[in-house]
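Coordinates in review
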Amino acid sequence: MLARVLSLSALIAIWFVAAAVAHSRLLPGPLAVAGGLLADIRSGELPFELGCTLARVVAAFAIALVLGSIIGFLMGRSNRFNRYADPWLIILINLPALVTIIFAYMWIGLNETAAILAVALNKLPNMAVVMREGARALDPRLDDMASAFRLPVMTRIRHVLVPQLAPYLAAGARSGLSIIWKIVLVVELIGRPNGVGFVMGTAFSLFDMTKLLSYAISFIVIMLVIEHLVVQPLEQHAFRWRKQRA
Amino acid sequence: MNSTHSGGENNALELRIDRKTYVNADGVAVDVIRGLQLRLGAGEFGALIGPSGCGKTTVLRIVAGLDTAFDGECRWPGERRLGVVFQEPCLLPWRTVDDNIRLVLPPDRAKADLTDLIGTLGLASHRAHYPGELSLGLARRVAIARAFAINPDLLLLDEPFVSLDEAVAARLREELKALTGSRNVTTLMVTHDLDEAVQLADHLFFLSDRPARVVLEHRLTVARALRTDAFVRATTDELRAALSRLDR
């Protein structure tokens, strides 16, 4: 923890010195950025724009997570389904994010549906690939146990299946979240009238580096908060049994 | 030295496997079992004995309903409450001992008092432990407790004491004797250990090499509690002699 604090302090110090030496509007110092950040928070602009982005992230993430997990699971369990679905998956994986976004906007229109769908489609194949491996790694002995004891379907899913898939779900979700954050900004930059990406696009056209930096920092802070307050505690709870070893 | 096959009793296990094959790596169908029949009366303890790889576990999987690709018929006893103890304990590592045992209970018995069962198997101080904290012997006890928790009509045991040291295995055999002796449960155990079969079972079925069939049946009429070491030794010698006569 101390190392992290020292490392971040060093980064801010370097930034401070570099800004003082450069003395340019293209590299505002930490104090100027902090002032801009506070002003945007007070005016309510920053919370609103962050809220818009966050809502898109959550929606796209949920769609990619649920559909990607189901498709990946089915591919892992059925060779026939895998044979048919695999070429689609390869095409989607190799399709650049920008192409998907432009296609979605052109076919569906410049609206929320297109924006969220484009982001979800970018993440879905990665989620499917991870979950396919998870489904392939399921322990057939536990499946036999569940069948022999005639466990009800919901009990099997909840207590036998999901815990086995949990590490894959967690890995896919974590990498997915980081990808989705980034793609949502591009989607907003290209075709939405609000959100962090839209604001950064406007700031770029105005060469407003203070705003760009203040939004980038607030974005990073939000990601760290989600990582430490949501993702890590959830993982620790789900995998608490792993700490126990004979 | 042998008994005749008889049927008709409702609460009995009746198994007939005309043929069971599997396809090997070269795509060739190989007979694993052919013409195997066995019948266990209600509450009887049967043992399937045979050489490694002869298909004993396959027979058990067929009885458990885990393998349905065979020609023949399997009739189950009672209300179809089945308890299985697999060769591996097959516990869920993310559930505690208590939760692993309760997992198989029907909803109306989810809060059932399992103190006696858990106490009999010496698991009282391990209820809150995860399987990763248990030795193999303790994990096997949990698997046995789980199978008995549902009050099974039919209990299937697949080499439940294999790879345990003899002292632990002997203690577990005694615990199994106590549990099966106090319940009216029809039991079928797979083992390659003739001593173990003679100690525990009432009805022995000796299987041939592949394709497996029953080559010898033997009923033990002496109560389990009265089977001394000398009795077990004499009986196993007698059975080995009978098997070698069959080989000739």
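Before any of the text, the structure's been laid out above.
First, a word on scope: everything that follows refers to the structure included in this document. (Residues numbered from 1 in each chain as written. Chains lettered and ligands numbered in written order. Predicted model: local features only at pLDDT ≥ 70, side-chain atom pairs only at ≥ 80, totals over all residues. Heavy atoms only, no water.)

Secondary structure summary: chain B contains seven helices and nine strands in total. Projected onto its principal axes, the C-alpha positions of chain B cover 55 × 45 × 35 Å. Out of the 248 residues in chain B, the part that is buried amounts to 54%. Counting contacts in chain B only where the partners sit at least 6 residues apart, residues at least 24 apart contribute 72% of the total. (Helix = DSSP H or I, 4+ residues; strand = E, 2+ residues; numbered from the N terminus. Buried < 20%, exposed > 50% of the residue type's maximum accessible area, 1.4 Å probe, protein only. Contact = heavy atoms within 4.5 Å.)

Moving on, we come to a nonpolar patch on the surface. Residue and element names in this part refer to chain A. A surface patch of nonpolar side chains, amounting to about 1,000 Å² of accessible area, comprises Leu98, Ile102, Phe103, Met106, Trp107, Ile108, Leu117, Leu121, Val186, Leu189 and Ile190. Taken together, the elements giving at least two residues each to the nonpolar patch come down to helix 5 (97-108), helix 6 (112-136) and helix 8 (153-191). With respect to the secondary-structure elements, Ile108 resides in helix 5. (Patch = residues over 30% accessible without salt bridge, like charges linked within 9 Å, V, L, I, M, F, W, Y side chains within 5 Å. Areas by Shrake-Rupley, 256 points an atom, 1.4 Å probe, with all protein chains shown as cover. Salt bridge = Lys/Arg side-chain N within 4 Å of Asp/Glu carboxyl O.)

Moving on, we come to the sheet that holds strand 6 (residues 154-158) of chain B. Residues and elements named next belong to chain B. On the basis of which strands lie adjacent, the open sheet formed by six strands has the order 5-6-7-3-8-9 and mixed pairing. Since the sheet does not close on itself, it has two edges, and those belong to strand 5 (82-85) and strand 9 (214-219), each with one partner. In this sheet, adjacent strand axes meet at a mean angle of 15° when their direction is disregarded. Taken together, the five bridges between strand 6 and strand 7 (residues 186-191) define a ladder with parallel strand orientation. By the bridge assignment for strand 7, Leu154 is matched with Thr186. In the packing of helix 4 (residues 136-149) onto the sheet, contacts are made with strand 5 and strand 6, and the angle to strand 5 comes to roughly 175°. (Pairing = 2+ DSSP bridges. Axes fitted to C-alpha atoms, helices over the stretch in contact; angles between N-to-C directions.)

Turning next to the sheet that holds strand 4 (residues 71-75) of chain B. All names here are of chain B. With antiparallel pairing, three strands are arranged side by side in an open sheet as 2-1-4. Every other strand in the sheet has two partners, leaving strand 2 (29-40) and strand 4 as the edge strands with one partner each. Averaged over all neighbouring strand pairs, the angle between strand axes comes to 20°, with direction disregarded. Along the sheet, helix 1 (residues 56-64) makes contact with strand 1 (13-23), strand 2 and strand 4, crossing strand 1 at roughly 120°.

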